[in-house]
Amino acid sequence: MKCDATLCPEDVDIAALKAKYEQERVKRISDKGQSQYVRPEGGAAGDYAEDPHKPLVARDPYDEELDVVVVGAGFGGLLASYHLMQAGVTNIRNIDSAGDFGGVWYWNRYPGVQCDNDAYCYLPFLEETGFMPSKKFADGLEIQGYCRLLAERGGFKDKAVFHTLVQDITWDHTIQRYRLKTNRGDEFRPRFVVMACGVLNMPKLPGIKGINDFKGKIFHTARWDYDFTGGSYNNPVLDKLADKRVAIIGTGATAIQAVPHLGKYAKHLYVIQRTPSSVDERPNPPTDEAWIESLQPGWQADRQANFHRAAMEVFQPGDTDQICDIWTELNRNLLAQSEEEGFPASMEEFLARRETMDFRIMSRLRERVASIVKDPVTAEALKPYYNFLCKRPLSSNDFYPTFNRDNVDLIDVSETIGLQELTANGFVANGKEYEVDCIIFASGFEVTSDLERRWGIKHITGRDGVSIYDHWRDGPKTLHGTMTHQFPNMFYIGYIQGGLNASVTLQFGRQGYHSAYIIKHALDRGAKEVEPTQTAQDDYVSQFEALMPDLSAFQAACPPSYFNNEGDVNAKWALFRSWGGGWNGFEEMLDNWRKNGQLDGMSIK
Ligand code: NDP
């Protein structure tokens, strides 16, 4: 089906909007950066390691030698195991603090949880499994079920160890294996370790004054407490909130999904907003049977490539937008413009058109707010004044209408750069105390902060006692984003000096495939140690740095968020610090490296 360009206002005053964007950005700049956040670790908001979803079952500790331990059982860990099993490496285990496969899709069970990326791209191996998501934006429950299905089809479902927190991973050169210890008294001695710790694994809380003084109920959205709210993951009827005053902190991707449910059921809801999101409409029809019938082999890779061009590159002449949502709007509109007016003759012309389209789309989204939210002050506060892709573009049909309810108030805390204080009875915003019974933190995750904050593993030690946290203190140093010198037999899945794809599961899957290839080759050769040489790593890092596109001007113009490392333009772990030769260039480089078959740049013993 043809996906048309959107109708966006023509008469945008770019100079005036730039000034307004800058004013809104500056208002939110804090000198605290990442340090404004704390980890939920036993305070009033509970402990991130405790699982409200599934009871812990007692078991004896493991004492075991393995070929591979995969740390994590979210999509990164799942896909690594899937590829290991496909390669014939079967003596493996996933270890995860959750009670099942799924990662974020295990933990995040808040009402309304859905993937806001096209599920036909997001769920990997659809052609191999024959599974088809029931709708374009799949529910969390369906995605978690699919994770279990992948583990079952991959043959590693029963190899996982759950409710287990890895605490120490130490290379022991005497046995040429890692010793991996957990909070359940286990010792695993794997030859290889794949670190698939996740991107959104570690919830964070704003370190607000008085956060432990509040006497009511507090929890993070990634640890939703249905005992308190009523309802369940399957049926989020939050009936126990009928006599409760609730505050939710944050208006990001999570909050906009939970807010409509809270607004519907709570006696009163306060939505505490520091920076508004851009929220488009969200048509989410059931998957069309006729469309399924029409699909040809290779359709998913083709669709993922189409999504990647639309979201991260540019559409080529003759392209059509298969995804057709807010992620692809900018390039879809540019393509339509080019087809009408001719393709841009130069990069400068392309960038100028792109900038204008960006302002037009954001104006459209602001007009959308005004057309739905009746109170003009609330509507104005909800309008996003920044460039497209400064923050994750969102979609919801129910978020803005929630503010037309009598029991819902938006509390804008942009002037104080966030909520100021919690008290025994509620919260203080803009100098006024509001009494509430429950405070829900939709305040996100440690995405780009230092590794110690994100991984939740106390010690990771390589050759000669070096800690990975010190080794990467100034940012990652790797060969191909996959391995690092001094940490033999250790592999990394994530946003670490590799290629960047718009489909995170595709990106992680290819990293898992590459890791499995190296492990399989090492095992086949009877090798006990494989590790990038210092020279190969240095060469890769300097190529990586030389190719890195300079995104600092764009990021410096955005309000702070995890997209720009809370405003730190020289961030060590910025999400978008990826291979500058593009996704296809990166994949081609690794394809050639594997075809060569020599594990070039690796020291193998
Ligand atoms: P985000 O980091 O996107 O949002 C956190 C929110 O908390 C922001 O609105 C932030 O404001 C606000 N906040 C933080 N500190 C304070 C404070 N002191 N006072 C007031 N507000 C504060 O987290 P989310 O959980 O919403 O989403 C995280 C990521 O998870 C998403 O970006 C996405 O990648 C993923 N996700 C994906 C979904 C999907 O469908 N695929 C669904 C849900 C989440 P500010 O913007 O000013 O920092």
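Here the structure is a predicted model, which is why all the values come from computation and not from measurement.

Trainee: Please explain the side chain of Gln337 as it appears in this structure.
Mentor: Assignment of secondary structure puts Gln337 in helix α11 (residues 329–341). For Gln337, the contacting residues outside a window of four places in its chain are Gly342, Arg353 and Met357.

Trainee: Honestly, the site of the ligand in this entry has me stumped. Any pointers?
Mentor: Around the ligand, the structure places 26 residues, and the nearest of them are Gln114, Asp116, Thr275, Lys391 and Tyr562. For the ligand, an oxygen atom lies 2.8 Å from a polar atom in the side chain of Arg274. A distance of 3.3 Å separates an oxygen atom of the ligand from a polar atom in the backbone of Ala442. Out of a free accessible area of 900 Å², the ligand has 91% covered by protein chains. When residues of the shell around the ligand are assigned to their parent elements, the largest contribution, three residues, is made by helix α8 (residues 253–265).

Trainee: Even after reading the chapter, I still don't get the pattern of salt bridges, so can you show me in this structure?
Mentor: Scanning all chains against the criterion turns up 43 salt bridges. Of the charged contacts, one joins Lys181 and Glu187 as a salt bridge, the two residues approaching to 3.8 Å between their closest N and O atoms. The class of Lys181 is partly exposed, set by a relative accessible area of 39%. A cluster of three or more residues bridged by salt bridges with shared partners is formed by Asp63, Asp172, Arg179, Lys181, Glu187 and Arg189.

Trainee: Would you mind going over the nonpolar core with me for this structure?
Mentor: Most often, soluble globular proteins keep nonpolar side chains buried together rather than apart. By size, the foremost hydrophobic cluster in this structure holds 95 residues, and its most contacted members are Val68, Phe75, Phe101, Trp224, Ile248, Leu262 and Ile518. There are two domains that each give this core at least three residues, and those are domain 1 (14–47 + 205–282 + 357–441) and domain 2 (63–201 + 448–604). Sequence-distant contacts of Ile518, defined by excluding residues within four places in its chain, comprise Thr482, Met483, Phe491, Val530, Trp593, Leu599 and Met602. Residues Leu66, Val161, Val193 and Trp573 belong to the second largest nonpolar core, which totals 27 residues.

Trainee: When you look at the environment of Glu152 in this model, what are you seeing that I'm missing?
Mentor: For Glu152, the location among the structural elements is in helix α6 (residues 140–154). Relative accessible area serves as the criterion here: at 54%, Glu152 is assigned to the exposed category. Along the sequence, Glu152 and Tyr82 sit 70 residues apart, while their C-alpha atoms lie 9.7 Å from each other.

Trainee: I tried to follow the domain arrangement of the protein on my own but got confused; where do I start?
Mentor: Interface size is commonly expressed as the accessible surface area that is lost when the partners come together. Looking at the protein, the domain boundaries give domain 1 (14–47 + 205–282 + 357–441) and domain 2 (63–201 + 448–604). Taking only C-alpha atoms, the centre of domain 1 and the centre of domain 2 are 31 Å apart. On the domain 2 side, the residues contacting the 34 residues of domain 1 number 34 residues. Summing both partners gives a buried area of about 2,900 Å² for domain 1 against domain 2, and 53% of it is carried by carbon and sulfur. Of all residues in domain 1, the largest losses of buried area upon contact with domain 2 belong to Gln34, Tyr233 and Arg282, amounting jointly to 25% of the total for that side. Across the domain 1-domain 2 interface, the total number found is one salt bridge. For the side of domain 1 that touches domain 2, the elements supplying multiple residues, two or more each, are α8 and β14 (394–395).

Trainee: Please explain the pairing of strand β5 (residues 92–95) as it appears in this structure.
Mentor: The two faces of a sheet get side chains in turn, since along a regular strand they alternate between them. Neither face of β5 is left uncovered, since the one carrying Ile92 and Asn94 and the one carrying Arg93 and Ile95 both have all their residues buried. Taken together, the four bridges between strand β4 (residues 63–71) and β5 define a ladder with parallel strand orientation. Among the inter-strand pairings, Val68 is bridged to a residue of β5, identified as Ile92.

Trainee: Quick question: what am I supposed to make of the state of the cysteines here?
Mentor: Simply put, the disulfide is a covalent bond whose two ends are the sulfur atoms of two cysteines. A complete count under the given rule lists two disulfides for this structure. Through a disulfide, Cys3 is tied to Cys324; the S-S separation comes to 1.9 Å. On the sign convention where negative is left-handed, the bridge of Cys3 and Cys324, at about 80° about the S-S bond, is right-handed. Placement of the pair is Cys3 in the segment before α1 (14–27) and Cys324 in the loop between α10 (299–312) and α11, with a sequence separation of 321 residues. Cys3 gets classed as buried once you look at its relative accessible area, which sits at 10%. A residue is classified by how much of its surface remains accessible, and Cys324, at 37% relative accessible area, is partly exposed. Two residues share a disulfide in this structure: Cys390 and Cys558, whose sulfurs sit 2.0 Å from each other. Where Cys390 bonds to Cys558 through sulfur, the torsion about that S-S bond is close to -75°, and the disulfide is left-handed. Of the two residues, Cys390 sits in the loop between α13 (376–382) and β14 while Cys558 sits in the loop between α19 (552–556) and α20 (582–596), which places them 168 residues apart along the sequence.

Trainee: Would you mind showing me how to read the sheet that holds strand β17 (residues 426–429) here?
Mentor: The strands making up a sheet associate through backbone hydrogen bonding, with each pair oriented either parallel or antiparallel. Across the sheet, which stays open at both edges, the three strands sit in the order β16-β17-β18 with antiparallel pairing between neighbours. Looking at which strands have only one partner, the edges of the open sheet turn out to be β16 (421–422) and β18 (432–435). Relative to β17, β16 is paired through two bridges, and the arrangement is antiparallel. Within β17, the position partnered with Leu422 by the bridge is Phe427.

Trainee: What's the story with the sheet that holds strand β19 (residues 438–441) in this structure? I'm lost.
Mentor: Taken in spatial order, the five strands make up an open sheet running β10-β19-β11-β12-β15, and their pairing is parallel. Edge positions in the open sheet fall to β10 (217–220) and β15 (408–412), since each of these has one partner strand only. When strand polarity is set aside, the average angle formed by the axes of neighbouring strands in this sheet is 20°. Bridging between strand β12 (residues 268–273) and β15 involves five bridges; their strand directions are parallel. Pairing of Val271 across the sheet is with Leu410, part of β15.

Trainee: What is the right way to read α11 from this model?
Mentor: In an α-helix, one turn spans 3.6 residues; hence positions three or four apart end up facing the same way. A rise of 1.5 Å per residue sets the reference length of α11, with its 13 residues, at 18 Å; its end C-alpha atoms lie 18 Å apart and thus fit the reference within 8%. Every buried residue belonging to α11 is among Glu329, Leu330, Asn331, Arg332, Asn333, Leu334, Leu335, Gln337 and Ser338, and all of these are buried. Downstream of α11 by one or two residues, Gly342 has phi in the positive range, about 100°.

Trainee: When you look at the packing of aromatic side chains in this model, what are you seeing that I'm missing?
Mentor: Two descriptors summarise a pair of aromatic rings, namely the distance from one centre to the other and the angle between the planes of the rings. One pass over the full model with this rule turns up 27 aromatic pairs. Between the aromatic rings of Tyr82 and Phe125, the centroid separation amounts to 4.4 Å while the plane-to-plane angle is 20°, which identifies the pairing as stacked. Of this pair, Tyr82 sits in helix α2 (residues 75–86) while Phe125 sits in the loop between α4 (119–122) and α5 (126–129), and the two are 43 residues apart along the sequence. For the pair Tyr82 and Phe125, one class covers both residues: buried. Seen from the ring of Trp107, Arg223 lies directly overhead, with NZ or CZ sitting 3.6 Å from the centre. When the ring centre of Phe137 is taken as reference, the NZ or CZ atom of Arg282 above it lies at 4.1 Å.

Trainee: I'm lost on unusual backbone geometry in this one. Help?
Mentor: Excluding glycine, most residues fall at negative phi; most peptide bonds, likewise, are trans. A positive phi angle, near 55°, is found at Asp464, a position not held by glycine. Residue position: Asp464 is located in the loop between β20 (459–461) and α16 (468–471). On the basis of relative accessible area, Asp464 is assigned to the exposed category, the value being 74%. Residues other than glycine seldom take positive phi values, yet Asn489 does so here, at roughly 65°. With respect to the helices and strands, Asn489 occurs in the loop between α16 and β21 (490–492).

Parameters and conventions
Residues numbered from 1 in each chain as written. Predicted model: local features only at pLDDT ≥ 70, side-chain atom pairs only at ≥ 80, totals over all residues. Heavy atoms only, no water. Helix = DSSP H or I, 4+ residues; strand = E, 2+ residues; numbered from the N terminus. Contact = heavy atoms within 4.5 Å. Near = heavy atom within 4 Å. Polar contact = N/O pair within 3.5 Å; in protein donor to acceptor, adjacent residues only side chain to side chain. Areas by Shrake-Rupley, 256 points an atom, 1.4 Å probe, with all protein chains shown as cover. Salt bridge = Lys/Arg side-chain N within 4 Å of Asp/Glu carboxyl O. Buried < 20%, exposed > 50% of the residue type's maximum accessible area, 1.4 Å probe, protein only. Core = buried A, V, L, I, M, F, W, Y, C linked by side-chain atoms within 4.5 Å. Domains from an automatic or database assignment. Buried area = accessible area lost by both parts, 1.4 Å probe. Pairing = 2+ DSSP bridges. Disulfide = S-S within 2.5 Å. Axes fitted to C-alpha atoms, helices over the stretch in contact; angles between N-to-C directions. Expected span 1.5 Å × (residues − 1). Phe/Tyr/Trp six-rings, centres within 6.5 Å; stacked < 30°, edge-to-face > 60°. Lys NZ or Arg CZ within 6 Å of the ring centre and 35° of its normal.

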